[in-house]
Amino acid sequence: SILVNNSLINNVVTLKNVQNHQAMRETFDFVINLEDNITACEIVSSISTINLIGAYENNGLIYYTENSAEWFDMSLISRYGKNEADRLKKRNKRTYPSILFDMLNISRGKPLLSIPTRERTFAHQFKTRLVSNGHPIIGLNTGAGSRWQFKKLSVEKTASLADLLTGSLGASVVLFGGTAEKERNLSIQKLSKTRLINAGNNNSLLEFSALISICDLLITSDSLALHIASCFGLPIVVFFGPTSASEIELFGPGEKIIPNMDCISCYKRNC
């Protein structure tokens, strides 16, 4: 849904209809695959193309092209094995987009996310109904799903931060999160000493994006909200847990908060 309105994209094909889609019968000038899972690689290998960049499947095994090696050498399919891939990933200081731009031999650009009129209206009505005029709108997106437990800011620290922002800046603080953060955000509201605005947890991706676009500042974990805010050039404060901060491009004003730990750039689910 966040791709279908993009003016630079001609067609979107999903896994549900890829095998019977006309695109599978075309010959492309370029096929680019940035995914390392076997399903994506099998699809790529069945497409006729003049140039392939990225990962592909051959006889049940996954390989990647030499011009995509800087990225995939650090991945789970690294030709050097996981230990060396982890070492390269920890040592890397380049952002993922920077690596991509060089990989594809294209000039630096910014991500594009187009919000349709319906969702823009939805966000405007939300702002008019709940946000006090003249107050800076600060979004708090401090959850991060369930994959890595320490990507999150605790419920207690989030409530404390919200109170600080409301008290010292007079900000209107909006809590963001997906369905997994519903109970968490309710707990933050109960714990907070000030009025917090809950953006809701059942918004579509485009509604979620439109609501982020009305913020003056987003404070977020390394998660989807960060990348959406980057599309709008919003000021961002992003805090990192175990994952690589070096790989993230903010595409606008912002600050990264990084743990002072030697083991960072670690992808253990628990620690």
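Residues numbered from 1 in each chain as written. Predicted model: local features only at pLDDT ≥ 70, side-chain atom pairs only at ≥ 80, totals over all residues. Heavy atoms only, no water.

### Remarks on the packing of helix α5 (residues 117-130) against helix α8 (residues 205-213)
Now for step 1: Packing of α5 against α8 leaves a shortest axis separation of 8 Å and a crossing angle of 50°. With respect to each other, α5 and α8 are oriented oblique. Between α5 and α8 lies a crossing whose hand is right-handed. Packed against α5, whose contacting residues are Arg118, Glu119, Arg120, Phe122, Ala123 and Phe126, the element α8 presents Leu206, Glu207, Ala210 and Leu211 at the interface.
Now for step 2: Class assignment of the residues belonging to the contact of α5 with α8 gives a composition of six nonpolar, no polar and four charged. (Axes fitted to C-alpha atoms, helices over the stretch in contact; angles between N-to-C directions. Helix = DSSP H or I, 4+ residues; strand = E, 2+ residues; numbered from the N terminus. Parallel < 35°, antiparallel > 145°, perpendicular 65-115°, else oblique. Left-handed = near helix turned anticlockwise from the far one by under 90°. Contact = heavy atoms within 4.5 Å. Nonpolar A, V, L, I, M, F, W, Y, C, P; charged D, E, K, R; others polar.)

### Regarding the sheet that holds strand β5 (residues 172-175)
Now for step 1: In space, the six strands of this open sheet follow the order β6-β5-β4-β7-β8-β9, with parallel pairing throughout. Only two strands of the sheet have a single neighbouring strand rather than two, namely β6 (197-198) and β9 (254-257).
Now for step 2: Helix α6 (residues 155-169) contacts β4 (137-141), β5 and β7 (217-221) of the sheet and is inclined by roughly 175° relative to β4. (Pairing = 2+ DSSP bridges.)

### A closer look at α8
Now for step 1: Counted residue by residue, α8 has seven buried out of nine residues, so it is predominantly covered.
Now for step 2: Listed in full, the buried residues belonging to α8 are Leu206, Glu207, Phe208, Ser209, Ala210, Leu211 and Ile212.
Now for step 3: Taken together, the buried residues of α8 touch α5, β4, β7 and α9 (224-232). (Buried < 20%, exposed > 50% of the residue type's maximum accessible area, 1.4 Å probe, protein only.)

### Digging into the confidence of the model for the protein
Now for step 1: This prediction gives the protein a mean pLDDT of 92; 98% of its residues lie at or above 70.
Now for step 2: Of all secondary-structure elements in the protein, the lowest mean pLDDT belongs to helix α3 (residues 82-91), at 92, while α8 reaches the highest, 97. (pLDDT = per-residue confidence, 0-100.)

### What to know about the packing of α6 against helix α7 (residues 182-191)
Now for step 1: α7 packs onto α6 with a crossing angle of 50° between their chain directions and a minimal axis gap of 9 Å. In terms of their interaxial angle, α6 and α7 are classed as oblique. In this structure, α6 crosses over α7, and the sense of that crossing is right-handed. Here Val155, Glu156, Thr158 and Ala159 of α6 lie close against α7, whose contacting residues are Arg184, Ser187, Ile188 and Leu191.
Now for step 2: Grouping the amino acids of the contact of α6 with α7 by side-chain chemistry returns four nonpolar, two polar and two charged.

### A few points about the packing of aromatic side chains
Now for step 1: A complete count under the given rule lists four aromatic pairs for this structure.
Now for step 2: Note on phenylalanine 176 and phenylalanine 208: the rings are 5.8 Å apart at their centroids and 90° apart in plane angle, and the pair reads as edge-to-face. Note that phenylalanine 176 is positioned in the loop between β5 and α7 and phenylalanine 208 in helix α8, a separation of 32 residues in sequence. With respect to burial, phenylalanine 176 and phenylalanine 208 carry one shared label: buried. (Phe/Tyr/Trp six-rings, centres within 6.5 Å; stacked < 30°, edge-to-face > 60°.)

### Notes on the nonpolar core
Now for step 1: Ranked by size, the top nonpolar core spans 29 residues in total, and within it Phe126, Val174, Phe176 and Ile212 carry the most contacts.
Now for step 2: Secondary-structure elements contributing two or more residues to this core are α5, α8, α9 and β8 (236-239).
Now for step 3: In terms of residues, this core owes the most to one element, α8, which gives five residues. (Core = buried A, V, L, I, M, F, W, Y, C linked by side-chain atoms within 4.5 Å.)

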